[in-house]
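# What the coordinates show
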Amino acid sequence: MSRQLLRNPTTMQRAANAVALTYTRSLASVGSVTMPPHQKRSRQLQQQQCKLTPSAAVVRRWKSSSSLHNNNSAQSQRLTAETTATQRRSQAEALNARGSHSSFDVPARYMSTQKNDNMKCLNVDNINPNFIVMEYAVRGPLVIRAGEIEKELEKGVKKPFDQVIRANIGDCHAMGQQPLTFLRQLLALTIEPRLLNSPDYPADVKERACALLAACSGGSMGSYTDSAGLEYVRHQVASFIEERDGGVPCDWQNVYLTGGASPGIKSILSLVHCEVDDKTPGIMVPIPQYPLYSATISEYGMQKIDYYLDEANKWGLKRAELQRAYDQAKDQCNPRALVIINPGNPTGQVLSRNNIEEIIRFAYDNKLLILADEVYQANVYDKDSKFHSFKKVMHEMGEPYRSQELVSFLSVSKGYLGECGIRGGYMEVVNMCPKVKAMLTKSITASLCSTTAGQVAVSALVNPPRPGEPSYELYNKEKSDVLNALRERAELVYKTFSSFDGYTVNPVQGAMYVFPKIDIPPKAIEAAKAKNMAPDVFYAFELLESTGICIVPGSGFGQLPNTYHFRSTILPQTEKLKLMLEKFRKFHIEFVNKYK
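Residues numbered from 1 in each chain as written. Predicted model: local features only at pLDDT ≥ 70, side-chain atom pairs only at ≥ 80, totals over all residues. Heavy atoms only, no water.

Across its full length, the protein holds 22 helices and 14 strands. Buried residues in the protein amount to 52% of all 596 residues. Here the analysis covers contacts within the protein between residues at least 6 apart in sequence; of these, 72% occur between residues at least 24 apart. (Helix = DSSP H or I, 4+ residues; strand = E, 2+ residues; numbered from the N terminus. Buried < 20%, exposed > 50% of the residue type's maximum accessible area, 1.4 Å probe, protein only. Contact = heavy atoms within 4.5 Å.)

Okay, structure coming up:
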């Protein structure tokens, strides 16, 4: 039915007027019934069923691009692309010298003359200096070069490959993962309520859609929600957390719906940004770490306190290392919070319960807020590993650890949904001082609210179809297919990279990434230095130009001195992943032979 609406403008016009009239009449017919507002709106939507009647609408049709532009011939485009390809490569190499953006990493085509700079209100000398310092390797210059190569391929530039494989970022759908039907149907019905009249949607999805629309002001997804998100969905999240944690209580008022996990993380880091005793706040971050943390810490002018995961012990964590990092930093800054990523990004480890207990004791003893990044909690593949939420472990440890301050995060971007672009997530604040929580809520109101589409996606995540409901069998099959495929690819990546000479790889216990250590020949290190590049950046750049595979150098995540790594996702679909790994194998052999 949705396709008919799009293909037939007249039908779409009629529907536009009809839904407004029908909805108004429905409101009038139930106005005398006494019931809670959410139930009243839900009944209105169910009664309405969106009957379509005639009306009028406007459909704009754009002219094809060929009539708007004077296009060059294919031969001319190829010549132009080939001329600029070498220039672009050298620019990208300069950008990648340290693996990320810096004040010196500006492409020539974006640089202004000194005279022009002086005529601008803003220049690099009078903007926030933290913006210049901050780095975000996952979308750094190497990725910019990958995008340029894609455009060159489109224009016919000859390369030793025919496609770019973006293994640099955990973008599930971009790498071929299919969306779950249940979530997309729920989004469709809430965004376009006229489809409630269609027989193509199961009854359980319609019931959920009507309840969500009833929770929206005006019964529309186009309205603002409370800054913390729809109360209806926050109740659902609280029930989900209680079920996940075996009955540990969750107060829905401690739940904030966010646009993915990132805005929640940034809001908490901003909250602790306060000098105490004239010392800059410090944030303890695992190394390797997800660059969101280092970038935000730099943006806010705080200090990053590195603690190292134990690569020789499957990227585990020891309290002694936490204490070393804390003691070493406390004279220069005021440690305020401890970031934990479990399952790990980029390292793919899953923390044991004993490890989590050690971390909680350390945080309590040193008065640190725990930030538990648990967005990959559904992505556990190792049969001997299990996800334990920090909240549940804290609760089961009893006092005083049960009172430890904690903020945990979850997102619809990962797990089995992989809905990165919809931007849905939540954070739960636990044991936070009520006055501080009030200040957090106040700060969040400045952003109005997260997107309603993201909030619906969170609802789909935490309130999935149950056994016996019409959508359950398909939902369960699609979910299992996604997780089984990820488990298969995690094993494939681990076994393949482990077979390479000069590679040291830990098993991918969870998450969506592998983080191998690579031995780079001394001559390659010298060649990297000659180009003012970190050796792992040099390796990644050679890989991209030779094979079209885009990865992220380990220096973008942090690593022990004189060690070299890279992060690759396990997200390419199996056949493409096998192709990628074979290209990797051939490249590595040629690279070692070239520089041995």
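Read on for the rest.
Attention now moves to the sheet that holds strand 13 (residues 552-553). Read from one edge of the open sheet, three strands run 10-14-13, paired in antiparallel fashion. Each of the sheet's edge strands pairs with one partner strand only, and the pair in question is strand 10 (513-514) and strand 13. Relative to strand 14 (residues 566-569), strand 13 is paired through two bridges, and the arrangement is antiparallel. Across the sheet, the residue bridging to Val 552 is Arg 567, located in strand 14. (Pairing = 2+ DSSP bridges.)

Glycine aside, negative phi is the norm for most residues, and most peptide bonds take the trans geometry. Backbone torsion omega between Ile 287 and Pro 288 reads 5°, so that peptide bond is classified as cis. With respect to the element layout, Pro 288 can be found in the loop between strand 3 (281-287) and helix 13 (291-299). With omega at 20°, the peptide bond leading from Asn 345 into Pro 346 counts as cis. Examined against the element boundaries, Pro 346 turns out to sit in the loop between strand 5 (334-341) and helix 15 (353-365). Of note, the phi angle at Asp 278 is positive, near 65°, even though the residue is not glycine. Its place among the elements puts Asp 278 in the loop between helix 12 (261-271) and strand 3.

All right, on to the sheet that holds strand 7 (residues 406-411) then. Taking strand neighbours across the sheet as the criterion, the seven strands line up as 2-8-7-6-5-3-4 in an open arrangement whose pairing is mixed. Of all the strands in the sheet, just strand 2 (255-258) and strand 4 (303-308) have a single pairing partner and so form its edges. If you compare each strand with its neighbour and ignore which way they point, the axes differ by 25° on average. Here four bridges tie strand 3 to strand 5, and the two strands are oriented parallel to one another. Across the sheet, Ile 283 pairs through a bridge with Ala 337, a residue of strand 5. Running over the sheet, helix 12 touches strand 2, strand 3, strand 6 (369-373), strand 7 and strand 8 (425-430) and is turned about 160° from strand 7. Strand contacts of helix 18 (residues 452-462): strand 2, strand 7 and strand 8, with the helix running at about 70° to strand 8, the strand carrying the most contacts. (Axes fitted to C-alpha atoms, helices over the stretch in contact; angles between N-to-C directions.)

For the rest of this paragraph, the subject is the pairing of strand 6. Along strand 6, five of the five residues are buried, which leaves the element largely enclosed by surrounding structure. Side chains Leu 369, Leu 371 and Asp 373 project from strand 6 onto one buried face, and the interleaved Ile 370 and Ala 372 project onto a second face that is buried too. Relative to strand 6, strand 5 runs parallel, the two being bridged by five bridges. Its bridge partner being in strand 6, Val 339 is matched across the sheet by Leu 371. Bridge analysis of strand 6 against strand 7 gives four bridges, and the strand direction is parallel. Note that in strand 7 the partner of Leu 371 across the bridge is Val 407. Between the parallel elements strand 6 and strand 7, the chain passes through helix 16 (residues 390-397) in a crossover that is right-handed. (Right-handed = clockwise from strand over helix to strand, strands pointing away.)

Bringing the packing of helix 21 (residues 535-547) against helix 22 (residues 574-595) into the picture now. Where helix 21 meets helix 22, the closest approach of the two axes is 11 Å, and the angle between their N-to-C directions is 120°. Classified by the interaxial angle, the pair formed by helix 21 and helix 22 is oblique. In this structure, the crossing between helix 21 and helix 22 has a hand that is right-handed. Of helix 22, the residues touching helix 21 (which contributes Phe 538, Tyr 539, Glu 542, Leu 543, Ser 546 and Thr 547) are Lys 583, Phe 584, Phe 587, His 588, Phe 591, Lys 594 and Tyr 595. Its residues assigned to classes, the contact of helix 21 with helix 22 shows seven nonpolar, three polar and three charged. (Parallel < 35°, antiparallel > 145°, perpendicular 65-115°, else oblique. Left-handed = near helix turned anticlockwise from the far one by under 90°. Nonpolar A, V, L, I, M, F, W, Y, C, P; charged D, E, K, R; others polar.)

This part is about the nonpolar core. Counting residues in each nonpolar core, the largest one holds 121 residues, and the members touching the most others are Val 237, Ile 283, Tyr 426, Phe 497, Tyr 503, Tyr 539 and Phe 584. Counting residues in each nonpolar core, the second largest holds 32 residues, with Met 284, Leu 351, Ile 370 and Tyr 401 among its members. (Core = buried A, V, L, I, M, F, W, Y, C linked by side-chain atoms within 4.5 Å.)

With that out of the way, let us pick up helix 14 (residues 319-329). Listed in full, the buried residues belonging to helix 14 are Glu 321, Leu 322, Ala 325, Tyr 326 and Ala 329. Axial view of helix 14: buried residues confined to an arc of 135°, hence all on one face. Across helix 14 from its buried face, at more than 90 degrees, point the exposed residues Ala 320 and Gln 328. (Arc of directions from axis to C-beta.)

Judged by which residues are buried, strand 2 turns out to be covered on both faces: Val 255 and Leu 257 on one side and Tyr 256 and Thr 258 on the other are all buried. Relative to strand 8, strand 2 runs antiparallel, the two sharing four bridges. Among the inter-strand pairings, Thr 258 is bridged to a residue of strand 8, identified as Gly 425.

Another aspect to go through is the packing of aromatic side chains. One pass over the structure, following the stated rule, counts 21 aromatic pairs. Aromatic side chains Tyr 416 and Tyr 475 sit 6.5 Å apart centroid to centroid with 80° between the ring planes, which places their arrangement in the edge-to-face category. On the criterion of sequence distance, the pair formed by Tyr 416 in the loop between strand 7 and strand 8 and Tyr 475 in helix 19 (residues 472-498) is long-range, its members being 59 residues apart. A ring pair is formed by Tyr 503 and Phe 566, whose centres lie 5.9 Å apart and whose planes are at 65°; its orientation type is edge-to-face. Taken together, the positions of Tyr 503 in strand 9 (residues 503-504) and Phe 566 in strand 14 put the pair 63 residues apart, joining distant regions of the chain. On the accessibility criterion, Tyr 503 (7% relative accessible area) is buried. Arg 361 extends its terminal NZ or CZ atom over the ring of Tyr 401, reaching a point 5.8 Å from the ring centre. In this structure, Arg 567 packs its charged tip against the face of Tyr 513, placed 4.0 Å from the ring centre. (Phe/Tyr/Trp six-rings, centres within 6.5 Å; stacked < 30°, edge-to-face > 60°. Lys NZ or Arg CZ within 6 Å of the ring centre and 35° of its normal.)

Confidence in the prediction for the protein averages 82 pLDDT; 79% of positions are at 70 or higher. Here residues 1-40 is modelled with pLDDT under 50, and outside its nearest four sequence neighbours on either side it reaches 54 contacts, counting other chains as well. Taken as a whole, residues 48-112 scores under 50 in pLDDT and shows 94 contacts with residues more than four places along the chain or in a different chain. (pLDDT = per-residue confidence, 0-100.)

Here Arg 194 is to be found in the loop between helix 9 (181-191) and helix 10 (203-215). Within the structure, Arg 194 has its side chain in polar contact with the side chain of Glu 192 (distance 2.5 Å). (Polar contact = N/O pair within 3.5 Å; in protein donor to acceptor, adjacent residues only side chain to side chain.)

This part takes up the pattern of salt bridges. When charged atoms on two side chains of opposite charge get close, those side chains can pair. Applying the stated criterion across every chain yields a total of 26 salt bridges. Where Lys 304 meets Asp 306, a salt bridge forms, and the shortest distance between an N and an O atom there is 2.6 Å. The exposure class assigned to Lys 304 is partly exposed, which follows from its relative accessible area of 31%. Given the relative accessible area of 26%, Asp 306 is considered partly exposed. Of the charged contacts, one joins Glu 582 and Arg 585 as a salt bridge, the two residues approaching to 2.5 Å between their closest N and O atoms. Of this pair, Glu 582 and Arg 585 both sit in helix 22, separated by three residues, roughly a single helical turn. (Salt bridge = Lys/Arg side-chain N within 4 Å of Asp/Glu carboxyl O.)

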